[in-house]
Amino acid sequence: MISRAFGARVRLVLFFVFTWLGVVLLLAFLLNEGRREAERKAPSDALGVTSLLEARLAATMRRLQGNLEHLAASLPRDAFTLAAVGRYREAVVNELELFSGQFPEVSGFRVMDAEGGLLYASGVALETSGFAERSYFNAPAVQSGNALYFSEVITDKLSGRTFLFVIQPVRDAHGGLLGLVAAPLDLDVLAKIFETINVGSKGVVAIWRADDGRQILRRPAVPDQVNQVLASNPLHRRIESGEKLGTMRVPAMLDGLDRVYAFQRIADYPLYVAGGLAVDDYLAEWRQTLWVAAVSALLLFLSLSLVLIRLLRAENEEEVTARKLSQSEARYRMLAENSHDVIWTLDIPSRRYTYVSPSITDMCGYLPEDVVGQSIDARLTPESASRLARDIDQRLRRIAAGDKAASVVVSELEQVCKDGEVISTEVVSSYLQDADGVAHTILGITRNVSERKAAELALRETNRQLHARIEEIGRLQVALQELAVRDSLTGLYNRRYLDETLEREVSRARREGNPLALVMLDIDYFKRVNDTYGHQVGDEALRMLATTLLADVRTEDVACRYGGEEFLILLPNMPLETAIQRAEAWRQAIEELSVALGNFHITFTISLGVAAYPEHGKTPDDLTRCADQALYRAKHEGRNQVSVFSA
């Protein structure tokens with residue numbers, strides 16, 4: 001009816017008008033969806049920012065709390081009196097310096113008495129007058145418990161830097177306040193963490209107190225708002241209601257910018273972190289897209305107008321176009337007949353070739369007329385013919401079901417040449433469909449890939465050999481690493497491995513509060529054995545001793561050859577009494593051993609020294625020295641016995 005009512009030119013104009021309007025409507029829909037997606041994504045992005053900051057700050061606070069609690073528990077109680085400062089100053093300051101090096105965010109540690117007087121300090125020198133008059137130093141005195149206390153933000157008069165003091169009270173057995181251990185958090189260092197977070201040019205991140213809503217740190221900084229309570233702060237009201245984290249969109253109270261905020265409580269500490277993404281920032285890309293879409297719509301209108309003009313002119317050029325089409329068909333036929341690859345067409349119902357290009361002769365030795373009319377599987381190997389028949393049936397079913405991706409397929413088939421040679425070919429098949437979507441013809445291109453397949457096989461074999469060599473190198477590296485920490489004669493760990501392991505186990509015992517024992521032993525009169533019976537007998541005695549030790553150690557124990565005939569066994573998580581029993585068992589087991597020398601059997605004994613953490617020493621060197629002194633005493637008192645270190 002439209003064809004009868006309107007001419008060809010009017011139909012073209014209507015088509016392009018409706019096309020342009022459809023594109024404009026589609027762009028409007030996509031832009032609206034883009035804005036909605038940006039709005040939906042902003043809360044999760046803001047929550048991601050606060051989650052990242054909370055994880056970093058919570059980890060810092062946990063490590064700092066652990067060190068403060070350790071210092072509070074380990075410092076002598078009488079060290080909190082002014083009279084004892086001279087006696088404890090060096091030891092306490094060294095301990096504080098040791099912990100100060102673990103925190104780039106902390107400017108040292110401070111120890112004060114119950115009246116706020118500074119007793120010991122490490123790290124950066126800060127202005128320390130007036131501690132006793134500050135509320136956060138008086139709070140532990142009027143409250144009970146050992147929970148951490150946080151100060152207000154303090155600006156140091158000496159350096160101009162800002163700090164937040166984290167305070168651990170130290171109490172006596174009756175709960176009375178002995179003193180304070182404090183660590184000043186350098187807020188300028190924490191601010192650098194904020195600089196690594198991308199919240200846009202107008203975004204903000206801040207740390208607030210959860211108990212009274214005062215601001216601690218903000219980026220971008222607003223110095224006059226530090227330690228101030230932001231009246232009617234909606235984020236703080238939600239924290240006060242018990243929420244741990246959440247999001248909300250509100251205009252900022254400081255600068256009036258509309259932002260999407262996320263907040264999250266920092267673990268169990270009276271602090272929370274907030275991050276805000278400005279609407280202007282997260283919609284900036286969308287606004288750029290809006291301008292691009294507007295320009296694109298204008299360009300599309302101009303383009304369609306030009307196309308319409310060209311199409312209207314094309315009605316007068318149909319004859320020229322038809323002539324060019326005829327020339328084009330001739331050119332494509334020439335390309336097909338001169339292509340190195342074989343181009344062919346196949347009638348799907350009969351499964352027979354309807355056209356084969358002349359390059360079939362160079363590939364297989366057949367003339368095109370020898371192949372046209374033959375079945376598609378006539379020149380394939382049985383396995384390839386069966387696989388191709390299954391693939392064609394499967395493709396036809398998928399095309400009938402509307403699967404457009406099934407119309408083009410690349411496969412590898414084995415073809416038999418006229419001289420009987422079997423070659424590998426790569427076949428690209430396109431299923432041509434009629435107006436009803438029914439596939440009736442296959443257009444195919446066949447290429448000889450025998451040389452490529454041979455190269456691929458050679459490459460796979462080369463890769464296999466290379467992987468085998470890499471695996472062998474890996475095994476050799478593992479063996480070399482094992483030799484680096486093992487004594488070649490006894491198979492026990494060497495002294496180098498012991499030094500690394502002992503340092504680690506002592507640190508673990510100190511951190512977890514577990515016991516640790518060290519047993520040092522050597523063979524009695526070993527030089528006499530070597531001088532009398534030879535070094536081979538001495539080496540056999542060392543090997544037998546090592547075998548006996550390895551048979552009676554736990555998985556976590558570390559048995560080492562310390563040097564010569566000296567051995568050292570590290571016993572993690574083992575009390576002193578149990579270690580003494582283990583040492584006595586080893587002494588008895590060795591006493592029953594003998595080394596065969598012809599018809600003679602040579603026996604030997606061992607002396608053992610035992611030391612334990614923390615009873616005898618708290619450092620690796622102290623433990624080793626105590627075990628060595630215990631061993632010396634065992635030898636001095638008659639050998640073949642176990643001795644425990646005593647001061």
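We now turn to the structure provided with this report. (Residues numbered from 1 in each chain as written. Predicted model: local features only at pLDDT ≥ 70, side-chain atom pairs only at ≥ 80, totals over all residues. Heavy atoms only, no water.)

Scanning the entire structure with this criterion turns up 3 aromatic pairs. Here Phe 150 and Tyr 269 contribute two aromatic rings whose centre-to-centre distance is 6.3 Å and whose plane-to-plane angle is 75°, an arrangement assigned as edge-to-face. In this pair, Phe 150 sits in strand E3 (residues 149–155) while Tyr 269 sits in the loop between strand E9 (258–265) and strand E10 (271–278), placing the two residues 119 residues apart along the sequence. By the burial criterion, Phe 150 is buried, and Tyr 269 matches it. Judged by centre distance (4.0 Å) and plane angle (15°), the rings of Tyr 493 and Tyr 497 are stacked. Over the ring of Tyr 525 we find Arg 528, and its NZ or CZ is 4.2 Å from the ring centre. (Phe/Tyr/Trp six-rings, centres within 6.5 Å; stacked < 30°, edge-to-face > 60°. Helix = DSSP H or I, 4+ residues; strand = E, 2+ residues; numbered from the N terminus. Buried < 20%, exposed > 50% of the residue type's maximum accessible area, 1.4 Å probe, protein only. Lys NZ or Arg CZ within 6 Å of the ring centre and 35° of its normal.)

Below, the discussion takes up the pattern of salt bridges. Where side chains of opposite charge bring their charged atoms close, a pairing between them can arise. Under the criterion given, the structure shown has 36 salt bridges. Residue Arg 249 is joined to Glu 39 by a salt bridge in which the shortest nitrogen-to-oxygen separation is 2.8 Å. Of this pair, Arg 249 sits in strand E8 (residues 245–251) while Glu 39 sits in helix H2 (residues 8–74), placing them 210 residues apart in sequence. When its relative accessible area of 21% is taken as the criterion, Glu 39 is described as partly exposed. The partner of Asp 45 in a salt bridge is Lys 41, with the nearest N and O atoms 2.7 Å apart. Of this pair, Asp 45 and Lys 41 both sit in helix H2, separated by 4 residues, roughly a single helical turn. Look at Lys 41 and you get partly exposed, because its relative accessible area is 43%. Salt bridges here are not isolated pairs; linked through shared partners, they connect Glu 152, Arg 209, Asp 211, Asp 212 and Arg 214. (Salt bridge = Lys/Arg side-chain N within 4 Å of Asp/Glu carboxyl O.)

So, about unusual backbone geometry. Put simply, Arg 219 and Pro 220 share a cis peptide bond, and its omega is 0°. Counting through the fold element by element, Pro 220 comes out in the loop between strand E7 (215–219) and helix H6 (234–240). Located in the positive-phi region is Asn 573, a residue other than glycine, with phi close to 55°. Along the chain, Asn 573 falls in the loop between strand E18 (566–572) and helix H17 (576–591). By relative accessible area, which is 48% here, Asn 573 ends up partly exposed.

What follows deals with the sheet that holds strand E5 (residues 177–186). A sheet is described by the order of its strands in space; here 5 strands give the open sequence E2-E1-E5-E4-E3, paired in antiparallel fashion. Every other strand in the sheet has two partners, leaving strand E2 (118–121) and E3 as the edge strands with one partner each. With direction set aside, neighbouring strand axes in the sheet form an average angle of 25°. Relative to E5, strand E1 (residues 110–113) runs antiparallel, the two being bridged by 4 bridges. Within E5, the position partnered with Arg 110 by the bridge is Ala 182. In this fold helix H5 (residues 187–195) packs onto E3, strand E4 (162–171) and E5, with an angle of close to 45° to the strand it touches most, E5. (Pairing = 2+ DSSP bridges. Axes fitted to C-alpha atoms, helices over the stretch in contact; angles between N-to-C directions. Contact = heavy atoms within 4.5 Å.)

By themselves, these figures tell us nothing about what the structure is for.
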